[in-house]
Amino acid sequence: MIDHVGPGLWLLTTPTCGYAVRLGPDDAPCCAHWGPRLTPDQARALPPGRAELPVEGGGRFGVAGLQVRYGDAVRGVEWRHLGDHIDSGHDGGHLTIRMADRHYPLEIDLHYRVRPGDDAIERWTCLRNTGDEPITILRCDSAAWTVPPRPGYRLSHVTGEWGGEFQVRRTPLAVAETTLTSRRGHSGHHANPWVMLDAGDATEDHGEVWSAALAWSGSWRITVEHDHDGHAGWSGGFGHDGVTRRLGPGESLETPVFTGVYSAEGFGGISHRWHDHIRRHVLPSPGRIRPVIYNSWEAVGFDVTQARQMELAELAADIGVELFVVDDGWFGGRPGAFSGRTGETAGLGDWWPDPERFPGGLTPLIDHVTALGMKFGLWVEPESVNPDSELHRTRPEWVLRQRNRRTTEVRDQLLLDFSRSDVAKWAHEWLDDLVTRNDIAFLKWDMNRPVTEAGDDVWIPFVRNVYAVIDRLRADHPHLMIEGCASGGGRTDLGMLARTDQIWASDNTDPAQRIAVQHGYGQIYPACTMGAWVTDSPNAITSGRAPLDFRFHVAMAGALGIGGDLPRWDADDLRQAKELVARYKEIRPVVHDGRLDRLGDWAVQYTLGPRVVVLSWRPTTLIRVTAPVRLKGLDPGGRYRDEDTGEVHHGALLMSHGLPRPWPFDATSELRRLTRVG
Ligand code: DGJ
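This one's a predicted model, so the numbers in the text were calculated from it and none came from an experiment.

A. Up close: unusual backbone geometry. Residue P538 is reached from S537 by a cis peptide bond, and omega for that bond is 0°. Tracing the chain through its elements places P538 in the loop between strand 32 (530-534) and helix 11 (548-555). Residue D412 is not a glycine yet carries a positive backbone phi of 60°. Here D412 shows up in the loop between helix 6 (390-394) and strand 28 (414-415). Despite not being glycine, S543 has its phi angle at roughly 65°, a positive value.

Here's what the structure looks like:
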C-alpha cells in the first residue's frame, strides 16, 4: 500500500515493513524511515534523513549515486519537486516522485513499487534530458537505502571464485566507504549484487536485518557508507566507475530495479522474504515444476557423440530423469573445412550440429530421448565466439574490440558485440530457429568469459540485448525453460532470474564443498532456482570422495540434476539412484515451494503446509554432527509423524529438544520427512 500522508511525505506499507520518503527543505527526497510498519501519524513525526538518491553539489561530500555534467561543465543537481503519481492496486502500488533540476533540463523520476502480500520494496530511477544539449552521466544509481543509526553495524555479503561461489562473509562494517562491485560485465563469481546490514545483534532467527539486491547482470556497484556516529546506508546501481554515458536531447535512461527487504526476524526472516518475493514476482514462470535433469558435461566433457549420448539417455531415463541436456560440444565444424567444437579452442559461434558427431542432425538423438519419456535440452553460449570458427572468419567485425588495443582472449574465446542490433538479431534468429525446428524444451545459456575492450556505450546495451533475446524467445516459445550459467554461478542476479527458470550455481559438484556454495546462494535466491547435480566419486574437480546418498542429499536441496558418468555406475548405484530420484520427486514441492530454514550450517528444513523435509549432512568424519537438530516454525501444539519410522513427535519438542537422530556411526547424510497429523 502506498499513501501520500502529508505535504512531500509518502508512506509505503507492506505486511511487516514500513518505508517513508520525505522531501527535505531543499526539495531533496530523503528517507525518513525503513523498518517496522508505521501509522501515518508516526510517519508525520519523522524528519527527513539521508538522500534517496544522493547527488553532487553544495555541502554534500558522500558517495553520489547520481553524477551529471551539463554542456557548460556545471555538475550536480539542485532538486525541484514536480509532482507525484500513485497507481494503487489491491494492497500493492507504484509511486513515482517526479523531480527535476532547478535550472538545467534534467528530469528525474524516483520509482517505488510494492506488491500485495510481499515485503519487498522495488526502486529504480529514470532520467530524461528535456533540453537540446547532451548531458553526460557519470553515474546513475537505482536507489540509495538508509538504515537507522545504530552502533556496531555489520555487513553481510558473499565473495567467491570459480568453483567456490557464494561464500558468506559477515564482518563489522568499517567506518568508511565499502564498495562491492563487478567490473567484469557480468555479476561475477567474486561477489554478488546484494548487501545486508544488521546492528551486529541479528542471529538466524532474531534481530533486524536490512538488505537489497540489484536486478542487473552486467557490471555493478554498491557502496556502503558508515560514519562514526553510526549512520549507515548504501547506494547502488548498474555500471562501474569510470564509464560515462551521453544522454542526448530527448533521451531517457532507466536504471534496473534495486529491491530492498527488511526483516525483524533475523537472517532467516530475510531469506524467507527474498525467496517468496523471487518465486512470486521475479521468476518468469512462477510455480513451474523444475524437472530432474541429466547433463553430460562432467561425464564426457567435449566428447559428445550421438552414440554416447544415447547410451547416457537410456540410463538416465531408467533412474527417473525427466529432461536430458546435451552440454558443450554438440555443434560446429565442416568435414575437411574447419574444426568443430571438440575442445575449448574452436567452434563457438557455429551453431549447427557437428556433422561428424551428429550425421543426421539432432533429430535422431532428440527422438531417442523423447521416446524414452524425457524432454530434451541443449547448451548454448550465444555471446561468445572462438577465433577458430566460421562465424569469426565471416563476421570479424562483430567481435567486441577497441581500436588500437589488443583483444583479450579468455578460454580461447572472444565476445561478440552484443550491443549491436545486428548481432542480437542474428543470435535471436539462430536460437529461434533451433527451438522451432527441434523439439527442445530447455536451453542452458552459458557465458564463459568476462567483458573486456568495451567502449562506454557498450556495457548497458550489451546486457539489455541479452535480456531482449531471452525475453523474445520465452514469449514466442512459452514452453521453453532456460538455465542461466556463467562458468557456474558467475551471472546470478535478479535480472537473470527474471528471465530464467534456474541457475547453474557452481561447477564445483563436490558435495562437501557445495554445501557452503548452496548456503550462500540461498541467503537470497530460492531453492527451486538452484541447479545442483549428483556427479561421480571421486569428484572430477576436487578428487573428493563421497557416498552416493550424501551426493544426492546435497543436490536434493535445490533443483536436482544428475551429471555422473552413468555407464560407470554399478547396478547398486543405479538402483539406489533410482530410489533417491523417486524420493526427491516426492519431496520436490516442499523443497521448491516451501519455507527454507537453515538449521545451523549442516542442515536445512523445508516446510509446506503439513509437510516438513529435513536434509542434514556430515561432510567430514571430523565433524561429529550427532546432536539432534532443532526444527523451526512448527505448530508447538501439533504432532508430526516421521514418514520413515512412523514415530509421532510433538511440535514443541521438535523445536526445543530437536529431531532425534539415531545416526549410525558411518552415515554422512540424512533425509527426514515429517507430516503433521494432528
Ligand atoms: C561452464 C559451465 O559452468 C559448465 O557447466 C559447462 O557448461 C561448460 N561451461 C561448458 O563449456
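B. Looking closely at the nonpolar core. Ranked by internal contacts, the top residues of the largest apolar core, which has 181 residues, are W34, W234 and W330. Of the residues forming this core, the biggest block, nine residues, is contributed by helix 8 (residues 459-476). Of all hydrophobic cores here, the second largest spans eleven residues; its members include L599, A603, L654 and L674.

C. Structural view of the site of the ligand. Inspection of the region around the ligand gives 13 residues, with D327, D328, K444, D446 and D507 positioned closest. A distance of 3.1 Å separates an oxygen atom of the ligand from a polar atom in the side chain of W379. Here an oxygen atom of the ligand sits 3.0 Å away from a polar atom, N or O, in the side chain of R411. For the ligand, the accessible surface in isolation is 290 Å², of which the surrounding protein chains cover 99%. Here the shell around the ligand is built from residues that sort into four nonpolar, three polar and six charged.

D. Layout of helix 12 (residues 571-593). With 23 residues, helix 12 should reach 33 Å at 1.5 Å per residue; the first-to-last C-alpha distance of 33 Å fits that figure. Of all the bends in helix 12, the greatest, near 55°, is centred on I587, and the proline P589 appears no more than four residues after it. Three or more residues of helix 12 are buried, namely L574, A577, L580, V581, Y584, I587, R588, V590, V591 and H592. N-capping of helix 12 is provided by D570, with a side-chain oxygen placed 3.1 Å from the backbone N of D572.

E. Spatial organisation of the sheet that holds strand 32. With parallel pairing, eight strands are arranged side by side around a closed barrel as 22-23-26-29-30-31-32-33. On average, each strand axis in the sheet is inclined to that of its neighbour by 30°, with strand direction left out of account. Sheet topology note: the strand 26 (residues 375-380)/strand 29 (residues 442-445) ladder contains four bridges and is parallel. The partner of L378 across the bridge, within strand 29, is L443.

F. Here's a closer look at the domain arrangement of the chain. In terms of domains, the chain is made up of domain 1 (2-282), domain 2 (293-593) and domain 3 (611-676). Computed over C-alpha atoms only, the centres of domain 2 and domain 3 are separated by 35 Å. Contacts between domain 2 and domain 3 engage 15 residues on the former and eleven residues on the latter. Both sides together, the interface formed by domain 2 and domain 3 hides about 1,200 Å², and carbon and sulfur atoms give 67% of it. A per-residue breakdown of the area domain 2 buries against domain 3 is headed by F550, H553 and V590, which together make up 41% of the total. Between the two partners, domain 2 and domain 3, sit three salt bridges. Linking domain 2 with domain 3 are five residue pairs in polar contact (both at pLDDT 80 or more). For the side of domain 2 that touches domain 3, the secondary-structure elements that each account for two or more residues are helix 10 (511-521), helix 11 and helix 12. A total of six residues in the side of domain 2 that touches domain 3 trace back to one element, the largest contributor, which is helix 12. By residue class, the composition of the side of domain 2 that touches domain 3 is eleven nonpolar, one polar and three charged.

Here is what the cut-offs are and how they apply
- By convention here, each chain's residues receive numbers from 1 onward along its written sequence.
- Side-chain atom pairs in this predicted model are given and counted only at pLDDT of 80 or more, local residue features only at pLDDT of at least 70, and totals for whole chains, interfaces and linings cover all residues.
- Note: side-chain values were computed over all heavy atoms of the structure, leaving out hydrogens and water.
- Helix and strand assignments come from DSSP, with helices taken as H or I runs of at least 4 residues and strands as E runs of at least 2, each series counted from the N terminus.
- The definition of a nonpolar core used throughout is a set of buried Ala, Val, Leu, Ile, Met, Phe, Trp, Tyr and Cys residues joined through side-chain atoms within 4.5 Å.
- Each residue is assigned to one of three classes by its accessible area relative to the maximum for its type, calculated with a 1.4 Å probe on protein chains only: buried under 20%, partly exposed between the two thresholds, exposed over 50%.
- Working definition: residue near molecule or strand if any one of its non-hydrogen atoms lies within 4 Å of it.
- Two N or O atoms count as a polar contact when they lie within 3.5 Å, although within protein this holds only if one can serve as hydrogen donor and the other as acceptor, and sequence-adjacent residues are included solely when both atoms are side-chain atoms.
- For the area figures, the Shrake-Rupley method with a 1.4 Å probe applies, and any residue is considered shielded solely by the protein chains shown.
- Basically, the charged four are Asp, Glu, Lys and Arg, the nonpolar ten are Ala, Val, Leu, Ile, Met, Phe, Trp, Tyr, Cys and Pro, and anything else, Gly included, counts as polar.
- Take the number of residues in a helix, subtract one, and multiply by 1.5 Å to get its expected span.
- To obtain the bend at a residue, axes are fitted to the seven residues ending there and to the seven starting there, and the angle between these axes is taken.
- Each pair of strands is called paired provided DSSP finds at least two bridges between the two strands.
- Lines fitted to the C-alpha atoms define the axes, with helices restricted to the stretch that makes contact. Angles between their N-to-C directions range from 0 to 180 degrees.
- Segmentation into domains, and thus their bounds, comes from an automatic or database assignment.
- The contact criterion used is simple: two residues touch if any of their non-hydrogen atoms lie within 4.5 Å.
- Buried surface area refers to the total accessible area, computed with a probe of radius 1.4 Å, that the two partners give up upon joining, counted for both partners together.
- The working definition used for a salt bridge is a side-chain nitrogen of Lys or Arg within 4 Å of a carboxyl oxygen of Asp or Glu.

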